[in-house]
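Listed below, chain by chain, are the residues.
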Amino acid sequence: MARLAELPQLQLLAEASELLALLDTPLLVEHSHGSWSVSERVGTLFSTWAARFPSESQHDAAVWDDLISSRRLFFGIYVYMYIYIYICIYIYIYI
């Protein structure tokens, strides 16, 4: 039972590690016509998170709340970095 209690904390650490690894890679990919898109790794990470949930029968609402809160924080960090990179690209191209 003690291992079961540690799993949510390990999941949060794993997701934080995955986000940091993602931020070490390019978030935007340039295409041949000067257009940009979000890298495939971003979609892969969010798909992984979407498929990874606590057990409904073995975890209480606090575990779900911690998970959703941490993912909101992680997603906020990603959005901040995305906007920062987008602004830097805009300044580089147009100014």
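The structure contained in this document is the topic of the report that follows. Remember, it's a predicted structure, so these values are computed and weren't measured experimentally.

Judged by nonpolar contacts, Leu 19, Leu 22, Leu 27, Val 42, Leu 45, Trp 49, Phe 74 and Tyr 78 together constitute the single largest core of eight residues. Looking at this core, the elements that each hand over two or more residues are α1 (2-23), α2 (40-51) and α3 (61-94). At three residues, α2 tops the list of elements feeding residues into this core. When near neighbours in sequence (up to four residues on either side) are disregarded, Leu 22 contacts Leu 27, Arg 41, Val 42, Leu 45 and Tyr 78.

Take the packing of α2 against α3 next. Running from N to C, α2 and α3 point in directions that differ by 175°, and their axes come no closer than 13 Å. Relative to α3, the element α2 is oriented roughly antiparallel. Counting all contacts with α2, which are made through Val 42, Phe 46 and Trp 49, the residues of α3 involved are Arg 71, Phe 74, Phe 75 and Tyr 78. Of the residues in the contact of α2 with α3, the class split is six nonpolar, no polar and one charged.

Taking 1.5 Å of rise per residue, 12 residues should cover 16 Å, and α2 covers 17 Å from first to last C-alpha, within 8% of that figure. Taken together, the buried positions of α2 are Val 42, Leu 45 and Trp 49. Projection of α2 onto a plane perpendicular to its axis shows the buried side chains occupying an angular sector of 65°, all on one side. Residues of α2 that are exposed and point more than 90 degrees away from the buried face comprise Glu 40 and Ala 51.

Applying the stated criterion across every chain, the model contains seven aromatic pairs. Summarising the aromatic geometry, the rings of Phe 75 and Tyr 78 are spaced 6.1 Å apart at their centres and angled 35° between planes, so their arrangement reads as tilted. Taken together, the residues span about one helical turn, with Phe 75 and Tyr 78 both in helix α3 at a distance of three residues. The exposure class of Tyr 78 is buried, given its relative accessible area of 6%. With a centroid separation of 4.8 Å and an interplanar angle of 45°, the aromatic rings of Tyr 90 and Tyr 94 are classed as tilted.

Cut-off values and rules
Residues numbered from 1 in each chain as written. Predicted model: local features only at pLDDT ≥ 70, side-chain atom pairs only at ≥ 80, totals over all residues. Heavy atoms only, no water. Core = buried A, V, L, I, M, F, W, Y, C linked by side-chain atoms within 4.5 Å. Buried < 20%, exposed > 50% of the residue type's maximum accessible area, 1.4 Å probe, protein only. Helix = DSSP H or I, 4+ residues; strand = E, 2+ residues; numbered from the N terminus. Contact = heavy atoms within 4.5 Å. Axes fitted to C-alpha atoms, helices over the stretch in contact; angles between N-to-C directions. Parallel < 35°, antiparallel > 145°, perpendicular 65-115°, else oblique. Nonpolar A, V, L, I, M, F, W, Y, C, P; charged D, E, K, R; others polar. Expected span 1.5 Å × (residues − 1). Arc of directions from axis to C-beta. Phe/Tyr/Trp six-rings, centres within 6.5 Å; stacked < 30°, edge-to-face > 60°.

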